[in-house]
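# Close look at the chain arrangement
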Amino acid sequence: MRALTTRGSVVDLPEPSPAEGELLVEAVALGVCGTDREILAGRIGRPPPDRNWFVLGHESLGKVVRAPEGSGFAPGDLVTGIVRRPDPLPCPLCAVGRFDLCENGRYAERGIQGLDGYGAQRFPLEPEYAVGVAAALGGLGVLVEPTSVVAKAWQRIDHVVQRPLRRALVLGAGPIGLLAALLGVQRGLEVHVVDRVVGGPKQRQARALGAEYHASPEGLGRFDAVLECTGVLVPEAVEHTAAAGGAVLIGHGGGSRTLDLAAFNDDLLSGNKAVLGSVNSRREHFAAAHDALCAADPDWLAGLVTCTVPLEQWGVAFETGPDDIKSIITFG
């Protein structure tokens, strides 16, 4: 079978041999994100201990080929795979099923750290880490994993914001930012999206949600909730968070302007603001993401996908431009 690897090529690999109790899944589609690009560039990622390469891909959509009795799945079911596996020790958080919050970093992640990803024509998947996808979503089910990341971020906002949620600011109009905006609109909030790219599909997608779109956060005032999805606008995120509000940092970027730590501290203290980091997700977040996508306009979701290529043309999906939102690799 064919598989996309960290060698930067599609190669032939032996057919998988699922362990007892595992599903055998045939890949339908694979989402590409900034994490995949960072891995391919050699900046992050860790292969399994027995080799120096691994199969890429953590945003999956597949169809069950074989399912053991009692697994809860049947051949033909669409599924997506949860990415993280808990610390085998386990740490206190992994021990209670909250492996997305693992405190000692000994977790593994499909296609990122220590485990092969989902970027192969067929792959094994443990039923406890498989999430069913409604047939009505079709190929757009590949968006469940990235949506789960923002579902978790919104959950964290619910836990910390001490004021009524009315206005939300999303910094960044990439796929994570636009999906964060979608969930904000679905909550009935006034949503503002900021991205330096003016015009094109990003602006069009934000406005199609009913969100306001801006090239800069300057002059927008304060917001009950801020979701920073770029990794480079952290000071702006805090600055635009209202008193007793919260900012969640989702984006991993290449730097920010220098922080005045004293002023940063005073702003947090005087405003009783909360700032949280959020990454990865577990089953409950996948379930919330799936529900949000099923409730969304399918045409709007399809508008997020600006590049679709077959596996053998995978390199095109790793190229980015100002009008690109989400790239998808399909498996014939």
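## Some remarks on the overall build of the protein chain
- Helices and strands together make up the secondary structure of the protein chain, namely 10 helices and 18 strands.
- For 332 residues, the compact-globule estimate of 2.2 N^0.38 gives 20 Å, and the C-alpha radius of gyration of the protein chain, at 20 Å, lies within 12% of that figure.
- The principal-axis extents of the C-alpha atoms in the protein chain amount to approximately 60 × 45 × 35 Å.
- The proportion of buried residues among the 332 residues of the protein chain is 52%.
- Counted over contacts in the protein chain with a minimum sequence separation of 6, partners at least 24 positions apart contribute 66%.
- Of the accessible surface of the protein chain, which amounts to about 14,300 Å², a share of 51% is contributed by carbon and sulfur atoms.
- Averaged over its 30 positive side-chain charges, the protein chain has a centre that lies 2 Å from the centre of its 39 negative ones.

## Observations regarding the state of the cysteines
- In the structure shown here, the tally under the stated rule is 0 disulfides.
- We note that C91 lacks a disulfide partner, and the nearest cysteine sulfur, in C94, lies 3.6 Å from it.
- The thiol sulfur of C102 is not disulfide-bonded, and the nearest other cysteine sulfur, from C94, lies at 3.7 Å.

## Here we look at the packing of helix α3 (residues 144–160) against helix α8 (residues 283–295)
- The N-to-C vectors of α3 and α8 enclose an angle of 110°; their axes lie 7 Å apart at closest approach. In terms of axis orientation, α3 runs roughly perpendicular to α8. Only E284, H285, F286, A288, A289, H290 and L293 of α8 make contact with α3, whose side of the interface consists of V144, E145, T147, S148, A151, K152 and Q155.
- Tallied by class, residues from the contact of α3 with α8 come to 6 nonpolar, 5 polar and 3 charged.

## Some points on unusual backbone geometry
- Each neighbour pair has its own omega, and for L89 with P90 the value is -10°, a cis peptide bond.
- Counting through the fold element by element, P90 comes out in the loop between β6 (84–85) and α2 (92–95).
- Look at A244: it is not a glycine, yet its phi comes out positive at around 65°.
- Tracing the sequence through the fold places A244 in strand β15 (residues 241–249).

## Let's talk about helix α4 (residues 175–186)
- Between its terminal C-alpha atoms α4 stretches 16 Å, which fits the 16 Å expected from 12 residues at 1.5 Å a residue.
- Turning to α4, its buried residues number three or more, namely G177, L178, L179, A180, A181, L182, L183 and G184.
- Count one or two residues on from α4 and you reach G188, which has phi positive near 85°.

## Thoughts on the layout of surface pockets
- Computed from the structure, the second largest pocket encloses a volume of approximately 240 Å³.
- Looking at the second largest pocket, it is lined by 14 residues, and the ones nearest its centre are P16, V55, R110, D116 and P124.
- Examining the composition of the lining of the second largest pocket, we find that 3 residues originate from one element, strand β9 (residues 122–125), more than from any other.

## Overview of the pattern of salt bridges
- Across all of its chains, the model carries 17 salt bridges by this definition.
- A salt bridge links D50 to R51; the shortest N-O distance between them is 4.0 Å.
- Relative accessible area serves as the criterion here: at 63%, D50 is assigned to the exposed category.
- The exposure class of R51 is partly exposed, given its relative accessible area of 26%.
- Salt-bridge contacts for R51 lead to D116; the nearest nitrogen and oxygen are separated by 2.6 Å. On the criterion of sequence distance, the pair formed by R51 in the loop between α1 (34–40) and β4 (59–66) and D116 in the loop between β8 (114–115) and β9 is long-range, its members being 65 residues apart.
- On the accessibility criterion, D116 (24% relative accessible area) is partly exposed.
- Among the charged side chains, a salt-bridge network with shared partners connects D100, K152, R282 and E284.

## Looking at empty space enclosed by the protein
- One pass over the structure, following the stated rule, counts 1 cavity of 30 Å³ or more.
- Computed from the structure, the largest cavity encloses a volume of approximately 30 Å³.
- Contributing to the lining of the largest cavity are L4, L30, G31, V32, D36, L56, G57, F318 and I329.
- When residues of the lining of the largest cavity are assigned to their parent elements, the largest contribution, 3 residues, is made by strand β3 (residues 23–32).
- Along the lines of polarity and charge, the residues of the lining of the largest cavity split into 6 nonpolar, 2 polar and 1 charged.

## Thoughts on the environment of A215
- Along the chain, A215 falls in the loop between β13 (212–214) and β14 (223–228).
- Along the sequence, A215 and V198 sit 17 residues apart, while their C-alpha atoms lie 6.3 Å from each other.

## Here we look at the packing of aromatic side chains
- Enumeration over the complete set of coordinates arrives at 3 aromatic pairs.
- Its end group placed over the ring of Y129, R85 keeps NZ or CZ at 4.0 Å from the ring centre.
- Of note, R167 hangs over the ring of F223, and the distance from its end group to the ring centre comes to 4.1 Å.

## Digging into α3
- Under the 1.5 Å per step criterion, the end-to-end length of α3 is 25 Å for 17 residues, consistent within 8% with the ideal 24 Å.
- Taken across its 17 residues, α3 has 12 buried, putting it largely inside the fold.
- For α3, every residue scored as buried is listed here: V144, E145, P146, T147, S148, V149, V150, A151, K152, A153, W154 and I157.

Calculation criteria
Residues numbered from 1 in each chain as written. Predicted model: local features only at pLDDT ≥ 70, side-chain atom pairs only at ≥ 80, totals over all residues. Heavy atoms only, no water. Helix = DSSP H or I, 4+ residues; strand = E, 2+ residues; numbered from the N terminus. Rg over C-alpha atoms; globule rule 2.2 N^0.38 Å. Buried < 20%, exposed > 50% of the residue type's maximum accessible area, 1.4 Å probe, protein only. Contact = heavy atoms within 4.5 Å. Areas by Shrake-Rupley, 256 points an atom, 1.4 Å probe, with all protein chains shown as cover. Lys, Arg positive; Asp, Glu negative; His and termini not counted. Charge placed at Lys NZ, Arg CZ, Asp CG, Glu CD. Disulfide = S-S within 2.5 Å. Axes fitted to C-alpha atoms, helices over the stretch in contact; angles between N-to-C directions. Parallel < 35°, antiparallel > 145°, perpendicular 65-115°, else oblique. Nonpolar A, V, L, I, M, F, W, Y, C, P; charged D, E, K, R; others polar. Expected span 1.5 Å × (residues − 1). 1 Å grid on protein atoms, 1.4 Å probe; cavity = no way out; pocket = protein on both sides within 12 Å on 5 of 7 lines; lining within 4 Å. Points joined across faces, edges and corners; volume = space filled by probe spheres on them. Salt bridge = Lys/Arg side-chain N within 4 Å of Asp/Glu carboxyl O. Phe/Tyr/Trp six-rings, centres within 6.5 Å; stacked < 30°, edge-to-face > 60°. Lys NZ or Arg CZ within 6 Å of the ring centre and 35° of its normal.

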